[in-house]
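# Notes for the structure review
Given next are the chains, with one letter for each unit.
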Amino acid sequence: MARNTKAKKQAAPKAEIGAEIFASLRDLEKIKGIPVDYMVDRLKQALTNAYRKDSEENRDIPTENIRVELNEQGLSMELLKTAVEEVEDTNTQIHIDAARNANPGAQVGDVIAMPIDIQRFSRIAAQTAKQVVIQGIREAERGTIYESYSSKSQELLTGTVLRLDPSGDVFIRVGNGNEQSDAVLRASEQIPGETYKEGQLVRVYVLEVRQAARGPMIQVSRTHPNVVRRLFELETPEIADGQVEIRNIAREAGSRSKIAVRATLEGVDPVGACVGPRGGRVGAVVEELCGEKIDIIVWNEDPCEYVRAALSPADVLSVTLIPGQKACRVIVPDDQLSLAIGKEGQNARLAARLTSYKIDIKPASQAEE
């Protein structure tokens, strides 16, 4: 009777260990979103590594010969060896006589499971196990963050400027709580003339999310044409609910953008919806983009009408398609030529990019000749 009582007392702590570990893992899953199964695998790996580093003679034991069982009922470890008549490798084999001491019915070729006393691990081995678990948590956090931000590719995020790099790159902290991560705004992706300071809130467009050694690397932009698209989607309810559609955008960041919009419902003014009452909607976008000028035009299936609108604010007398080419010839009044072409050719260049047509602009006087 006394022996049974003693056995129960020895089994109880073993079961308690398993319950405590799983309770901790569930808390970890709630707080950091790390799956319990993932951490169980990491704990098994940690204990295996700890045993192999516990003493010099254990280091050559193959990991597949160490079996770890971890569940709600408890934690146990066993060393697996094959029973043989002549031992050639002490790491993987056990003499049949020794095997029968552990298991009287053992036969040559049987795999013998010998219990491992976890409490006898050295402090260095325990520290190794701890490091494996910590590393596992870090990797799981990085994986969770990577999955989270991968789904946010091509979206607009608000972040806080962390620091300015001497190279001109700006590092920005995006996200909330446990899903915070660092993003890099390269100098080439910054609006010309825009300045940043630590602690400043800034909206950025997610270009790409890549796995890196220190966690997800998020590449963001302020110059991408879709920055304009996402800002109008935020400011214009008609775009968000599908009444107005942005068909195309041509942009020279920090200077000027042209966007082509169309209404999907009759009676909706697509340009008016984007401009907003008293110009409030387009004004908010312009302010976010540091005063960048924005031309909003109506998209048209007729390429001639589309090109005519794209050259706004210039007046256009005629648009003629050039046969066999995706190009057209545009005639404008003489006094509108510089306006149609724009400063350094910007207006004509953006119109061509918006419509995907090569545009040849001529004044009316030359057309008559």
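Residues numbered from 1 in each chain as written. Predicted model: local features only at pLDDT ≥ 70, side-chain atom pairs only at ≥ 80, totals over all residues. Heavy atoms only, no water.

### What to know about the overall build of the protein chain
Looking only at helices and strands, the protein chain has twelve helices and 15 strands in total. Residues classed as buried in the protein chain amount to 40% of the 369 residues present. In the protein chain, of all internal contacts separated by at least 6 residues, the share reaching a separation of at least 24 is 58%. Carbon and sulfur atoms make up 47% of the accessible area of the protein chain, which totals about 20800 Å². (Helix = DSSP H or I, 4+ residues; strand = E, 2+ residues; numbered from the N terminus. Buried < 20%, exposed > 50% of the residue type's maximum accessible area, 1.4 Å probe, protein only. Contact = heavy atoms within 4.5 Å. Areas by Shrake-Rupley, 256 points an atom, 1.4 Å probe, with all protein chains shown as cover.)

### Comments concerning the pairing of strand 2 (residues 74–84)
Across the eleven residues of strand 2, eight count as buried, placing the element largely inside the fold. Bridge count for strand 1 (residues 66–71) against strand 2 is six bridges, and the pairing is antiparallel. What sits directly across from I66, in strand 2, is L79. Linking strand 1 back to strand 2 in an antiparallel pair, the connection comprises two residues. Across five bridges, the pairing between strand 2 and strand 4 (residues 111–115) is antiparallel. Note that in strand 4 the partner of K81 across the bridge is I112. The sheet contact formed by strand 2 and strand 3 (residues 93–95) spans three bridges and is parallel. By the bridge assignment, V84 is partnered in strand 3 with H95. (Pairing = 2+ DSSP bridges.)

### Comments concerning the sheet that holds strand 15 (residues 358–363)
The strand order across the open sheet formed by three strands is 13-14-15, and the pairing between neighbours is mixed. With one partner strand each, in any of the chains shown, strand 13 (318–321) and strand 15 form the two edges of the open sheet. Across this sheet, the average inter-strand angle for adjacent strands is 20°, counted without regard to direction. On the sheet, helix 9 (residues 303–310) packs against strand 13, strand 14 (327–332) and strand 15 and is oriented at approximately 135° with respect to strand 13. (Axes fitted to C-alpha atoms, helices over the stretch in contact; angles between N-to-C directions.)

### A closer look at the environment of E252
For E252, the position within the fold is in strand 10 (residues 244–252). Between the C-alpha atoms of E252 and P225, which are 27 residues apart in sequence, the distance is 8.4 Å. With residues up to four places along the chain from it excluded, the contact list for E252 reads E292, Q346, R349, L350 and R353. Within polar-contact distance, the side chain of E252 engages the side chain of Q346 at 3.0 Å. (Polar contact = N/O pair within 3.5 Å; in protein donor to acceptor, adjacent residues only side chain to side chain.)

### Remarks on the confidence of the model for the protein chain
Here the protein chain averages 84 in pLDDT, while 84% of its residues score no lower than 70. Note that residues 1–15 has pLDDT below 50 and, in this model, seven contacts with residues that lie over four places away or in other chains. (pLDDT = per-residue confidence, 0-100.)

### Overview of the environment of D165
By secondary structure assignment, the location of D165 is in the loop between strand 5 (156–164) and strand 6 (170–174). Between the alpha carbons of D165 and R186 there is a distance of 9.7 Å; along the sequence they are 21 residues apart. Here S167 takes part through its side chain, which lies 2.6 Å from a polar atom of the side chain of D165.

### Brief notes about the packing of aromatic side chains
Think of a pair of aromatic rings as described by two things: how far the centres are apart, and how the planes are tilted against each other in angle. According to the stated counting rule, one finds one aromatic pair in the structure shown. The interplanar angle of 65° and the centroid separation of 6.4 Å between the aromatic rings of W299 and Y306 together place this pair among those described as edge-to-face. For Y306, a relative accessible area of 7% puts it in the buried group. A cation over a ring is seen here: R163 above F171, with NZ or CZ 4.0 Å from the ring centre. (Phe/Tyr/Trp six-rings, centres within 6.5 Å; stacked < 30°, edge-to-face > 60°. Lys NZ or Arg CZ within 6 Å of the ring centre and 35° of its normal.)

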